[in-house]
Amino acid sequence: MTDVDIRLRVNGFRRNDTVPARLTLADYLREHCGLTGTHLGCEHGVCGACTVLLDGEAVRACLMFAVQADGAEVTTVEGIAGADGQLSVVQEAFRAEHGLQCGFCTPGFIVSATAFLRDNPDPSDTEIRDAISGNLCRCTGYQGIVRAVRAAADGRRSDAEASTGGDEAQTSSPAARA
(Lines give C-alpha, C1' and ligand atoms only; values in the text may rest on other atoms or scores of the structure.)
Protein backbone atom coordinates (compact mmCIF):
# COMPACT_ATOMS: atom_id res chain seq x y z
CA MET A 1 0.00 0.00 0.00
CA THR A 2 1.27 3.46 -0.86
CA ASP A 3 1.82 6.11 1.80
CA VAL A 4 0.98 9.73 1.02
CA ASP A 5 2.06 12.98 2.66
CA ILE A 6 -0.83 15.20 3.73
CA ARG A 7 -1.00 18.70 5.16
CA LEU A 8 -4.16 20.00 6.76
CA ARG A 9 -5.48 21.93 9.72
CA VAL A 10 -7.38 19.99 12.35
CA ASN A 11 -9.25 22.06 14.92
CA GLY A 12 -7.04 25.01 14.07
CA PHE A 13 -3.73 23.15 14.37
CA ARG A 14 -1.50 22.46 11.38
CA ARG A 15 -0.83 18.77 10.77
CA ASN A 16 1.73 17.17 8.45
CA ASP A 17 1.50 13.41 8.31
CA THR A 18 2.31 10.46 6.11
CA VAL A 19 -0.67 8.13 5.88
CA PRO A 20 -1.71 5.05 3.93
CA ALA A 21 -3.59 6.12 0.80
CA ARG A 22 -6.68 4.15 1.84
CA LEU A 23 -6.88 5.38 5.45
CA THR A 24 -10.28 6.96 6.11
CA LEU A 25 -10.51 10.46 7.49
CA ALA A 26 -12.34 9.04 10.52
CA ASP A 27 -9.52 6.59 11.26
CA TYR A 28 -6.92 9.32 10.67
CA LEU A 29 -8.64 11.62 13.17
CA ARG A 30 -8.98 8.89 15.77
CA GLU A 31 -5.65 7.06 15.34
CA HIS A 32 -3.22 9.76 14.18
CA CYS A 33 -4.72 12.82 15.87
CA GLY A 34 -6.12 11.17 19.00
CA LEU A 35 -9.51 12.81 18.43
CA THR A 36 -11.82 10.04 19.49
CA GLY A 37 -14.96 12.20 19.51
CA THR A 38 -15.39 11.28 15.86
CA HIS A 39 -17.24 8.01 16.36
CA LEU A 40 -17.45 5.10 13.98
CA GLY A 41 -20.89 3.56 13.84
CA CYS A 42 -22.02 2.03 10.57
CA GLU A 43 -18.90 2.90 8.51
CA HIS A 44 -21.23 3.29 5.51
CA GLY A 45 -22.14 6.99 5.90
CA VAL A 46 -25.65 6.21 7.13
CA CYS A 47 -25.57 6.89 10.89
CA GLY A 48 -23.80 10.28 10.99
CA ALA A 49 -21.73 9.48 14.09
CA CYS A 50 -18.52 10.35 12.22
CA THR A 51 -19.68 13.77 10.97
CA VAL A 52 -16.97 16.45 10.87
CA LEU A 53 -16.67 19.82 9.18
CA LEU A 54 -14.45 19.90 6.11
CA ASP A 55 -13.84 23.50 5.10
CA GLY A 56 -17.02 24.31 7.02
CA GLU A 57 -19.26 21.71 5.38
CA ALA A 58 -20.61 18.71 7.29
CA VAL A 59 -19.23 15.47 5.81
CA ARG A 60 -19.10 11.82 6.83
CA ALA A 61 -15.48 11.10 7.78
CA CYS A 62 -15.96 7.35 7.26
CA LEU A 63 -16.67 7.93 3.56
CA MET A 64 -13.56 10.00 2.86
CA PHE A 65 -9.93 9.10 2.67
CA ALA A 66 -7.59 11.24 4.74
CA VAL A 67 -5.71 12.14 1.55
CA GLN A 68 -8.90 13.78 0.24
CA ALA A 69 -8.65 16.26 3.12
CA ASP A 70 -5.14 17.36 2.06
CA GLY A 71 -5.01 21.15 2.22
CA ALA A 72 -8.36 21.41 4.02
CA GLU A 73 -9.54 22.65 7.40
CA VAL A 74 -11.15 19.88 9.46
CA THR A 75 -13.17 20.60 12.59
CA THR A 76 -14.20 17.74 14.85
CA VAL A 77 -16.53 17.87 17.84
CA GLU A 78 -13.45 18.62 19.97
CA GLY A 79 -12.91 21.80 17.92
CA ILE A 80 -16.47 23.06 18.31
CA ALA A 81 -15.88 24.26 21.89
CA GLY A 82 -14.03 27.51 22.48
CA ALA A 83 -10.25 27.52 22.85
CA ASP A 84 -10.79 28.06 26.57
CA GLY A 85 -12.88 24.87 26.74
CA GLN A 86 -16.18 26.71 27.08
CA LEU A 87 -18.98 24.79 25.40
CA SER A 88 -20.43 26.21 22.21
CA VAL A 89 -24.07 27.32 22.15
CA VAL A 90 -24.97 24.04 20.44
CA GLN A 91 -23.07 21.89 22.95
CA GLU A 92 -24.59 23.77 25.88
CA ALA A 93 -28.08 23.37 24.40
CA PHE A 94 -27.60 19.60 24.04
CA ARG A 95 -26.59 19.44 27.70
CA ALA A 96 -29.41 21.67 28.94
CA GLU A 97 -32.15 20.08 26.81
CA HIS A 98 -31.08 16.47 27.44
CA GLY A 99 -30.35 15.97 23.75
CA LEU A 100 -28.23 12.94 24.53
CA GLN A 101 -28.39 9.73 26.45
CA CYS A 102 -25.60 7.24 25.78
CA GLY A 103 -23.69 9.96 23.88
CA PHE A 104 -22.46 7.82 21.00
CA CYS A 105 -24.33 9.76 18.31
CA THR A 106 -23.99 13.15 20.04
CA PRO A 107 -20.74 14.34 18.38
CA GLY A 108 -22.22 13.83 14.92
CA PHE A 109 -25.42 15.64 15.88
CA ILE A 110 -23.49 18.56 17.38
CA VAL A 111 -21.28 18.96 14.32
CA SER A 112 -24.27 18.63 11.95
CA ALA A 113 -26.34 21.11 13.99
CA THR A 114 -23.45 23.57 14.12
CA ALA A 115 -23.16 23.62 10.31
CA PHE A 116 -26.95 23.72 9.89
CA LEU A 117 -27.43 26.68 12.24
CA ARG A 118 -24.60 28.58 10.60
CA ASP A 119 -26.49 28.33 7.31
CA ASN A 120 -30.01 28.60 8.75
CA PRO A 121 -29.97 30.63 11.99
CA ASP A 122 -33.76 30.77 12.37
CA PRO A 123 -35.08 27.34 11.37
CA SER A 124 -38.56 25.95 11.78
CA ASP A 125 -38.97 22.68 13.68
CA THR A 126 -39.64 20.96 10.34
CA GLU A 127 -36.32 22.29 9.00
CA ILE A 128 -34.56 21.10 12.16
CA ARG A 129 -36.01 17.61 11.78
CA ASP A 130 -34.99 17.55 8.13
CA ALA A 131 -31.46 18.75 8.98
CA ILE A 132 -30.90 16.04 11.59
CA SER A 133 -32.52 13.28 9.56
CA GLY A 134 -29.08 12.11 8.38
CA ASN A 135 -28.02 11.33 11.95
CA LEU A 136 -29.34 8.29 13.79
CA CYS A 137 -29.95 7.97 17.51
CA ARG A 138 -31.11 4.76 19.10
CA CYS A 139 -31.71 6.19 22.60
CA THR A 140 -33.44 9.58 22.69
CA GLY A 141 -36.46 9.48 20.42
CA TYR A 142 -35.17 12.79 18.96
CA GLN A 143 -37.42 15.15 20.97
CA GLY A 144 -34.54 16.31 23.17
CA ILE A 145 -32.32 16.71 20.12
CA VAL A 146 -34.90 18.86 18.30
CA ARG A 147 -35.36 20.94 21.48
CA ALA A 148 -31.57 21.32 21.75
CA VAL A 149 -31.19 22.56 18.16
CA ARG A 150 -34.15 24.94 18.69
CA ALA A 151 -32.58 26.23 21.94
CA ALA A 152 -29.22 26.68 20.21
CA ALA A 153 -30.88 28.66 17.41
CA ASP A 154 -32.66 30.83 19.97
CA GLY A 155 -29.42 31.25 21.94
CA ARG A 156 -27.42 32.25 18.88
CA ARG A 157 -30.09 34.77 17.92
CA SER A 158 -30.06 36.22 21.46
CA ASP A 159 -26.26 36.47 21.37
CA ALA A 160 -26.39 38.23 17.97
CA GLU A 161 -29.03 40.67 19.19
CA ALA A 162 -27.03 41.41 22.34
CA SER A 163 -23.89 42.14 20.32
CA THR A 164 -25.76 44.53 17.99
CA GLY A 165 -27.62 46.29 20.76
CA GLY A 166 -30.86 44.40 20.30
CA ASP A 167 -32.78 46.27 17.65
CA GLU A 168 -31.13 46.28 14.24
CA ALA A 169 -33.62 48.85 12.93
CA GLN A 170 -32.24 51.34 15.46
CA THR A 171 -28.65 50.83 14.46
CA SER A 172 -29.44 51.31 10.77
CA SER A 173 -31.37 54.54 11.15
CA PRO A 174 -29.52 57.84 10.67
CA ALA A 175 -30.91 59.14 13.98
CA ALA A 176 -29.51 56.17 15.89
CA ARG A 177 -26.05 56.72 14.41
CA ALA A 178 -25.98 60.40 15.34
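Rules and cut-offs
Residues numbered from 1 in each chain as written. Predicted model: local features only at pLDDT ≥ 70, side-chain atom pairs only at ≥ 80, totals over all residues. Heavy atoms only, no water. Helix = DSSP H or I, 4+ residues; strand = E, 2+ residues; numbered from the N terminus. Buried < 20%, exposed > 50% of the residue type's maximum accessible area, 1.4 Å probe, protein only. Contact = heavy atoms within 4.5 Å. Areas by Shrake-Rupley, 256 points an atom, 1.4 Å probe, with all protein chains shown as cover. Salt bridge = Lys/Arg side-chain N within 4 Å of Asp/Glu carboxyl O. Core = buried A, V, L, I, M, F, W, Y, C linked by side-chain atoms within 4.5 Å. Expected span 1.5 Å × (residues − 1).

### A look at the overall build of the chain
Okay, so step 1: If you tally the helices and strands in the chain, you get seven helices and five strands.
Okay, so step 2: Classification of the 178 residues of the chain by burial places 42% in the buried group.
Okay, so step 3: Sequence separation of at least 24 residues holds for 55% of the intrachain contacts in the chain that already meet a minimum separation of 6.
Okay, so step 4: Of the accessible surface of the chain, which amounts to about 9,500 Å², a share of 50% is contributed by carbon and sulfur atoms.

### Topic: the pattern of salt bridges
Okay, so step 1: Using the criterion set out here, one finds eight salt bridges in the structure.
Okay, so step 2: The residue Arg9 makes a salt bridge to Glu73 at a minimum N-O spacing of 3.5 Å. A residue pair is termed long-range when its members are at least 10 positions apart, and Arg9 in strand β1 (residues 3-10) and Glu73 in strand β5 (residues 73-75) qualify at 64 residues.
Okay, so step 3: Residue Glu73 is classed as partly exposed on the basis of its relative accessible area, which comes to 26%.
Okay, so step 4: Across the pair Asp125 and Arg150 runs a salt bridge whose closest N-O atoms are separated by 3.3 Å. Within this pair, whereas Asp125 is found in helix α4 (residues 125-132), its partner Arg150 is found in helix α5 (residues 143-163), the two being separated by 25 residues in sequence.
Okay, so step 5: A cluster of three or more residues bridged by salt bridges with shared partners is formed by Glu57, Arg118 and Asp119.

### Digging into the nonpolar core
Okay, so step 1: Counting residues in each nonpolar core, the largest one holds 23 residues, and the members touching the most others are Val90, Phe94, Phe109, Leu117 and Val149.
Okay, so step 2: Looking at this core, the elements that each hand over two or more residues are α2 (89-96), α3 (106-119), α4 and α5.
Okay, so step 3: Here the element with the most residues in this core is α3; it accounts for seven residues.
Okay, so step 4: Those residues in contact with Val149 that lie beyond four places of it in its chain are Phe94, Ala113, Phe116, Leu117, Ile128 and Ile132.
Okay, so step 5: Among the nonpolar cores identified, the runner-up in size contains 22 residues, and Ile6, Leu29, Ala61 and Met64 belong to it.

### As for α3
Okay, so step 1: Here α3 contains 14 residues, and its C-alpha end-to-end distance of 20 Å stays within 8% of the 20 Å for a straight helix at 1.5 Å per residue.
Okay, so step 2: Of all the residues in α3, the buried ones are Thr106, Pro107, Gly108, Phe109, Ile110, Val111, Ser112, Ala113, Thr114, Ala115, Phe116 and Leu117.

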